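The primary structure of each chain is shown beneath.
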Amino acid sequence: MRVLFLGATLSFLLLAAAGAWASDVDHDLVPDDLEDRTERVLAARGFPAEDPTAFYTRSEARDGADAFEVDWSDGATVLSYLPDPAEPPALRVTLQLLSLSEFEDRDGNGLPGVGEARTVVALQDVAYRPGGLEEVTLADGARALSFTVLRPPLAVRLDVGTRFRSADSGTALSPVEVGIRFLVDQFSLASRGSGLALQFRVSSEPQGILGLPPGGAENTRLVTAARQGIYLAWDERITADGNATVVVSEAPAEGPGPWVFTVVYPWVPTFEHALRLGVLSTSHAARSAPPPADVSVPVFFASFAVTGVVVAATVWARRR
Ligand SMILES: [Ca+2]
Ligand SMILES: [Ca+2]
């Protein structure tokens with residue numbers, strides 16, 4: 001099987017320059033007609049009646065096809081993709097949080113090493129506290145759910161929505177993505193000059209192959225199996241103590257899983273970091289294509305960046 005990945009990112013600024021700027025009532029930089037075409041249906045359960053620290057949501061296209069489910073419990077975010085909802089999930093990716101730790105970088109490689117850990121906050125096999133579920137209706141009518149759980153000093157927030165919605169990074173979250181935000185508040189730092197490291201493990205079922213998307217960004221990984229794909233992308237910049245700074249990540253580039261990722265933040269007590277997990281949906285990509293009337297728009301720019309302005313991703317699976 002060869003998977004060709006075409007992440008077509010539309011350059012709406014260029015479209016605007018061409019005089020084709022569509023209305024954008026919610027100011028997320030995504031034309032509302034595109035949002036209309038790609039709008040999905042969300043259902044959620046679990047919170048708070050069943051368990052205020054568990055979250056389950058299901059997102060599907062308006063015709064009921066192309067579903068994905070997001071499950072959170074005990075430090076794990078599970079994204080299950082069901083291109084055919086009548087079938088079991090074709091691909092399931094689990095992001096299991098492992099630890100948040102302060103480390104003293106004795107060998108100066110910028111990464112936590114053996115014997116360098118100071119304060120360690122375990123994030124696996126521990127109890128999380130309820131943080132709440134917020135449901136909002138955005139300016140364009142999008143329904144969005146934000147679920148938060150706490151493991152002080154860390155809060156984890158999951159975001160899903162029926163339409164594109166703004167994100168702090170400036171890259172709108174698409175309706176086939178779940179936003180994962182880590183909010184660290186007042187980490188009790190011990191030794192000056194150290195760093196904070198977040199570790200998590202990514203695995204897939206069936207066992208998939210990890211890779212960079214073709215032409216892709218260093219901050220994106222693609223898990224492919226069963227001719228489906230789920231990607232993980234993380235912001236390379238955060239704002240810490242009011243300053244924009246770059247995070248250092250040690251991320252496996254390829255090979256069979258599970259895969260352990262380490263993200264290193266500066267030595268500051270309070271910051272936020274955003275990631276996104278998304279499905280490479282052919283159905284979403286087809287709906288994202290401009291309608292025939294727009295094809296004649298002279299400026300139509302596509303790039304291969306998954307994490308571009310808007311993701312309209314296509315997986316192209318060719319069987320030999
Ligand atoms: Ca919009
Ligand atoms: Ca929107």
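Residues numbered from 1 in each chain as written. Chains lettered and ligands numbered in written order. Predicted model: local features only at pLDDT ≥ 70, side-chain atom pairs only at ≥ 80, totals over all residues.

A word on the overall build of the chain. For the chain, the count of helices and strands is three helices and 22 strands. Counting the 320 residues in the chain, one finds 39% classified as buried. (Helix = DSSP H or I, 4+ residues; strand = E, 2+ residues; numbered from the N terminus. Buried ≥ 20, exposed ≤ 12 C-beta atoms within 10 Å, placed from the backbone.)

Here we come to the pairing of strand 20 (residues 259–265). As defined by bridge partners, strand 12 (residues 195–205) adjoins strand 20 across seven bridges and the pair is classed as antiparallel. By the bridge assignment for strand 20, Gln 199 is matched with Thr 262. The pairing of strand 18 (residues 248–250) with strand 20 spans three bridges and is classified as antiparallel. Counted as the bridge partner of Glu 250 is Thr 262 from strand 20. (Pairing = 2+ DSSP bridges.)

Here the focus is unusual backbone geometry. Phi is mostly negative for residues that are not glycine, and the peptide bonds are mostly trans. Residue Pro 206 follows Glu 205 across a cis peptide bond; omega there is 0°. Along the polypeptide, Pro 206 turns up in the loop between strand 12 and strand 13 (209–211). Following Gly 257, the chain continues into Pro 258 via a peptide bond in cis, with omega recorded as 0°. Backbone geometry places His 27, a non-glycine residue, at a positive phi of 55°. By the C-beta count within 10 Å, which is 10 here, His 27 ends up exposed.

On to the nonpolar core, then. One finds Leu 79, Val 93, Leu 158, Ile 230 and Leu 277 to be the most contacted residues of the largest nonpolar core, which totals 55 residues. With six residues, strand 6 (residues 91–103) is the largest single contributor of residues to this core. Ignoring any residue separated from it by four or fewer positions in sequence, one finds Leu 158 in contact with Phe 55, Val 70, Trp 72, Thr 77, Phe 147, Val 178, Gly 179 and Ile 180. Judged by nonpolar contacts, the second largest core, of five residues, contains Val 30, Phe 164, Ala 172 and Leu 173. (Core = buried A, V, L, I, M, F, W, Y, C linked by C-beta atoms within 7 Å. Contact = placed C-beta atoms within 7 Å.)

So, on to the pairing of strand 21 (residues 271–279). A regular strand carries its side chains on alternate faces of the sheet. Most of strand 21 is tucked away, with eight of its nine residues classed as buried. Here strand 11 (residues 177–184) pairs with strand 21 via eight bridges, running antiparallel. In the sheet register, Val 184 faces strand 21, and the bridge partner there is Phe 271.

Quick look at the environment of Arg 37 now. Within the secondary structure layout, Arg 37 lies in helix 2 (residues 32–38). Between the C-alpha atoms of Arg 37 and His 284, which are 247 residues apart in sequence, the distance is 8.9 Å. Contact partners of Arg 37, with chain neighbours within four places excluded, come to Arg 287 and Ser 288.

It is worth spelling out the confidence of the model for the chain at this point. On average, residues of the chain score 84 in pLDDT, and 84% of them reach the 70 mark or higher. Of all helices and strands in the chain, the one with the weakest mean pLDDT is strand 22 (residues 312–318) (33), whereas strand 5 (residues 76–82) scores best (98). Every residue in residues 1–20 scores below 50 in pLDDT, and together they form 59 contacts with partners more than four places removed in sequence or on other chains. Here residues 294–320 is a poorly scored stretch, pLDDT under 50, and it has 84 contacts once near neighbours within four places are set aside; other chains count. (pLDDT = per-residue confidence, 0-100.)

Here Arg 151 lies in strand 9 (residues 143–151). Among the residues examined, Arg 151 registers 19 C-beta atoms within 10 Å and is labelled partly exposed. Leaving out residues up to four positions away in the same chain, Arg 151 has contacts with Val 121, Leu 123, Val 126 and Tyr 128.

Take the environment of Arg 276 next. Mapped onto the elements, Arg 276 comes out in strand 21. Placed 103 residues apart in sequence, Arg 276 and Leu 173 show a C-alpha to C-alpha distance of 7.8 Å. When residues no more than four places from it in sequence are discounted, the contact partners of Arg 276 are Leu 173, Glu 177, Val 178, Gly 179, Ile 180 and Ala 233.

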